[in-house]
Amino acid sequence: MCKANTAVLDWNGTLLNDLPLVYRSVCQIFATYGLPAPTLEQYRTEMSQEWMKFYLNYGIPKGTTPEELNAIRREFLEAHWDDVELHPRVLQFLQLLKEKNMRIFLVTGEVKEVVEGRLTQFRLGHFFDGVVAGVYRKAEILNGLDLLSSESIFVDDDPFGLCSAKELGFTTVGMTHGYASIQRIRDANPHFMSNDFSGVIGFLKAS
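Residues numbered from 1 in each chain as written. Predicted model: local features only at pLDDT ≥ 70, side-chain atom pairs only at ≥ 80, totals over all residues. Heavy atoms only, no water.

### Looking at the overall build of the protein chain
Along the protein chain, the regular secondary structure elements total 10 helices and 8 strands. The C-alpha atoms of the protein chain give a radius of gyration of 17 Å, which matches the 17 Å a tight globule of 207 residues would have. Counting only C-alpha atoms, the protein chain reaches 50 × 35 × 30 Å along its principal axes. The buried share of the protein chain, reckoned over its 207 residues, is 46%. Across the protein chain, contacts joining residues at least 24 apart in sequence account for 66% of those joining residues at least 6 apart. (Helix = DSSP H or I, 4+ residues; strand = E, 2+ residues; numbered from the N terminus. Rg over C-alpha atoms; globule rule 2.2 N^0.38 Å. Buried < 20%, exposed > 50% of the residue type's maximum accessible area, 1.4 Å probe, protein only. Contact = heavy atoms within 4.5 Å.)

Structural data, given as structure tokens:
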């Protein structure tokens, strides 16, 4: 591994353990349409960036708009805002990055207002040198950041993000405790895989 001086981190599923809540919102969407929900493992295996296909494949009526599904999701998540927590040892991980004098960027598909609210909730804002929210294609953002990919690590629970970062020359860390199944993360072939931040902390200390 390179002697990294920059870390680019994902938020949902990677630092924030919000998968259980989000899966409950998925179940709420299907219940609203009187349909049985797919299992959590089906969700982790099959959900992709083209997420409407997932819902249509499991019976959501054709003609349903993304806005209609997002409205159900948003209402459920807002009603259960406090039902989430950080993954174990996230704080220790961020503190280690700071001790190594690394710059830390948060790059996430989550909307800006929600990310800012969560960073305030968990008192994490001071850790980050930059926050880029509402990202659909991470490769475009990574290319635009003022950093050297060969001296940076990229931590994500999304196989698409991991593949993009690896192609750009980042040292990639795939987290298997998030939204994608272990096999999907393994197929992305990151430089390092871990189910928790204890493993990532050990990986960094050994580098």
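### Quick look at the packing of helix H1 (residues 19–32) against helix H4 (residues 66–79)
At a minimum axis distance of 9 Å, the contact between H1 and H4 shows a crossing angle of 130°. In terms of orientation, H1 lies oblique with respect to H4. Considering only the axes of H1 and H4, their crossing is right-handed. On the side of H1, the interface is formed by Leu-21, Val-22, Arg-24, Ser-25, Gln-28, Ile-29 and Thr-32, while H4 contributes Leu-69, Ile-72, Arg-73, Phe-76 and Leu-77. Tallied by class, the residues present in the contact of H1 with H4 amount to 7 nonpolar, 3 polar and 2 charged. (Axes fitted to C-alpha atoms, helices over the stretch in contact; angles between N-to-C directions. Parallel < 35°, antiparallel > 145°, perpendicular 65-115°, else oblique. Left-handed = near helix turned anticlockwise from the far one by under 90°. Nonpolar A, V, L, I, M, F, W, Y, C, P; charged D, E, K, R; others polar.)

### Structural notes on the packing of helix H5 (residues 90–99) against helix H10 (residues 197–206)
The N-to-C vectors of H5 and H10 enclose an angle of 15°; their axes lie 9 Å apart at closest approach. Judged by the angle between their axes, H5 and H10 are roughly parallel. In this structure, H5 crosses over H10, and the sense of that crossing is left-handed. Two secondary-structure elements touch here, H5 through Val-90, Gln-92, Phe-93, Leu-96 and Leu-97 and H10 through Phe-197, Val-200, Ile-201, Leu-204 and Lys-205. The residue makeup of the contact of H5 with H10, split by class, is 8 nonpolar, 1 polar and 1 charged.

### Here's the deal with unusual backbone geometry
Phi is mostly negative for residues that are not glycine, and the peptide bonds are mostly trans. Positive phi is not limited to glycine here, since Arg-89 has a value of about 70°. In this fold, Arg-89 is placed in the loop between strand E3 (85–86) and H5. For Arg-89, a relative accessible area of 38% translates into the label partly exposed. In this model, Asn-101 sits at a positive phi of 60°, which is unusual for a non-glycine residue. Looking at the secondary structure, you find Asn-101 in the loop between H5 and strand E4 (103–107). You can call Asn-101 exposed: its relative accessible area is 68%.

### Regarding the pairing of strand E1 (residues 6–9)
Taking every second residue as pointing to the same face, both faces of E1 are buried, with Thr-6 and Val-8 on one and Ala-7 and Leu-9 on the other. In this sheet, E4 lies alongside E1 in parallel orientation, the contact comprising 4 bridges. The residue of E4 that forms the bridge with Val-8 is Phe-105. Note that E1 and strand E6 (residues 152–156) share 4 bridges and pair parallel. Residue pairing for E6: Val-8 is matched across the bridge by Phe-154. (Pairing = 2+ DSSP bridges.)

### Looking at the sheet that holds E4
Taken together, 6 strands build an open sheet; the order of strands is E5-E4-E1-E6-E7-E8 and the sheet is parallel. The two strands at the open ends of the sheet, each matched to only one other strand, are strand E5 (130–132) and strand E8 (192–194). Sheet twist, expressed as the average angle between the axes of neighbouring strands with direction ignored, equals 20°. In this sheet, E8 lies alongside strand E7 (residues 171–175) in parallel orientation, the contact comprising 3 bridges. Among the inter-strand pairings, Met-175 is bridged to a residue of E8, identified as Ser-194. Lying over the sheet, H5 contacts E1, E4 and E6, oriented at roughly 155° with respect to E1.

Keep in mind these values describe shape, not function.
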